[in-house]
Amino acid sequence: MFLLQCSFLPPLSFLIFGSFPLCPSFLFYFFKMSTLLVKKQQSVGQIFWVRFMALSLFPYTQFHRHRKVWDVFQMSKGPGEDIDLFDMEQFKSSFKKILQRALKNVMVSFRDAEENAVWIRIAWGTQYRKPNQYKPVYVVYYSQTPYAFTSSCPLRSNIPLLGQALTVASNHHKIVKMDLRSRYLDSLKAIVFKQYNQTFETYNSTTPLQEKSLELDIHMDSRIIHENRIEKERVQRVTQETFGDYSQPRLEFAQYKLETKFKSDFNGDILAERKEPLRCLIKFSSPHLLEALKSLAPAGIADAPLSPLLTCIPNKGMNYFKIKDK
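Here the structure is a predicted model, which is why all the values come from computation and not from measurement.

Concerning the sheet that holds strand β6 (residues 137-142)
Strands sit in the order β4-β5-β6-β7-β3-β8 across an open sheet of 6 strands; the sheet is antiparallel. Because the sheet does not close on itself, it has two edges, and the strands there are β4 (106-112) and β8 (174-182). In this sheet, neighbouring strand axes are inclined to one another by 25° on average, regardless of whether the strands run parallel or antiparallel. Bridging between strand β3 (residues 70-76) and strand β7 (residues 147-151) involves 5 bridges; their strand directions are antiparallel. Residue pairing for β7: V72 is matched across the bridge by F149. Contacts from helix α3 (residues 159-169) reach β3, β5 (117-124), β6, β7 and β8 within the one sheet, and its direction differs from that of β8 by about 115°. Seen against the sheet, helix α4 (residues 185-192) touches β3, β5, β6, β7 and β8 and runs at an angle of roughly 125° to β8.

What follows is the structure in structure tokens.
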């Protein structure tokens, strides 16, 4: 009887009965089986770690959702199509099958949330690489709505596939990416669903600028006489008509791309003869852009009313604008 024990394995011993010598072919077979056992145990450990990552990071991402940058996708039905009955389980199954048929290495997991929403975690892989668990994509879809919110995708080539999976699984015909982006998911949801009059995320937020300006008026010396009180009341009224008396959805920026030809009343102007349009990029940034815009006129920094290009952001549901000549 021979006793063989491998130091690179867990406490496993192989008892070999017999009086035959250990030939090279037998040793080769033995070490081959030992290697397969090691690889199997490693694969089991990897599967456990992957499932642990998927389950543990879901609550963390849902709570710290403002650490992601979210894009908005809008879907639409085909002409003459009616609204179908929605089944969440069927949506999950169809969504997962579409991705797994197109990609060999992809891991999809789901987590139900409030307001008939489902969170989807997608770990993308490639043909030769396993899914990257450290750079997943999160998708938030609200049932029976044409909107889906996705975090930034590290592999842009997979965005069309993701759109196809969302469209087919939710029984829609077409999907387009909206010109709307922010870190604050609840604010994006309020904009596309037209739910402005509610409390939005205030992570590390400061006091809104308009509230600060009101505090200055309260603590101002009573001996100071406002000669233009009528104008101030007009500005307050116009501001309230434009923005409402509720807190604004939270966006961090608004971007405007201008492509327009130079117009001049003077003949022979060099810029007027230019055929190519003048291109310019303007970006307004603020920790709370809409509240900052709301406070400009009451603070005396801008005239009231503000330009419609600044006040139409929530109504149009976009903070990326392209301005061209008609």
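A short note on the environment of R111
Here R111 is to be found in strand β4. A residue is classified by how much of its surface remains accessible, and R111, at 34% relative accessible area, is partly exposed. Each C-alpha atom of the pair R111 and F58 lies 7.5 Å from the other, and the pair is 53 residues apart in sequence. Discounting chain neighbours no more than four positions away, the residues touching R111 are F58, P59, Q62, V118 and W119. At a separation of 2.9 Å, a polar atom in the side chain of R111 contacts the side chain of Q62.

Focus: α4
A large share of α4 lies buried, amounting to 7 of its 8 residues. Buried residues of α4: L185, S187, L188, K189, A190, I191 and V192, and no others. Contacts from the buried residues of α4 go to β3, β5, β6, β7, β8 and α9 (313-316). Phi turns positive one or two residues past the end of α4, at K194, with a value near 60°.

Points about the sheet that holds strand β11 (residues 320-324)
Across the sheet, which stays open at both edges, the 3 strands sit in the order β10-β9-β11 with mixed pairing between neighbours. The outermost strands of the open sheet, each flanked by one partner alone, are β10 (278-285) and β11. Mean inter-strand twist for the sheet, computed between neighbouring axes without regard to direction, equals 15°. Pairing geometry for strand β9 (residues 253-260) and β11, over 5 bridges, is parallel.

Reading guide: rules and limits
Residues numbered from 1 in each chain as written. Predicted model: local features only at pLDDT ≥ 70, side-chain atom pairs only at ≥ 80, totals over all residues. Heavy atoms only, no water. Pairing = 2+ DSSP bridges. Helix = DSSP H or I, 4+ residues; strand = E, 2+ residues; numbered from the N terminus. Axes fitted to C-alpha atoms, helices over the stretch in contact; angles between N-to-C directions. Contact = heavy atoms within 4.5 Å. Buried < 20%, exposed > 50% of the residue type's maximum accessible area, 1.4 Å probe, protein only. Polar contact = N/O pair within 3.5 Å; in protein donor to acceptor, adjacent residues only side chain to side chain.

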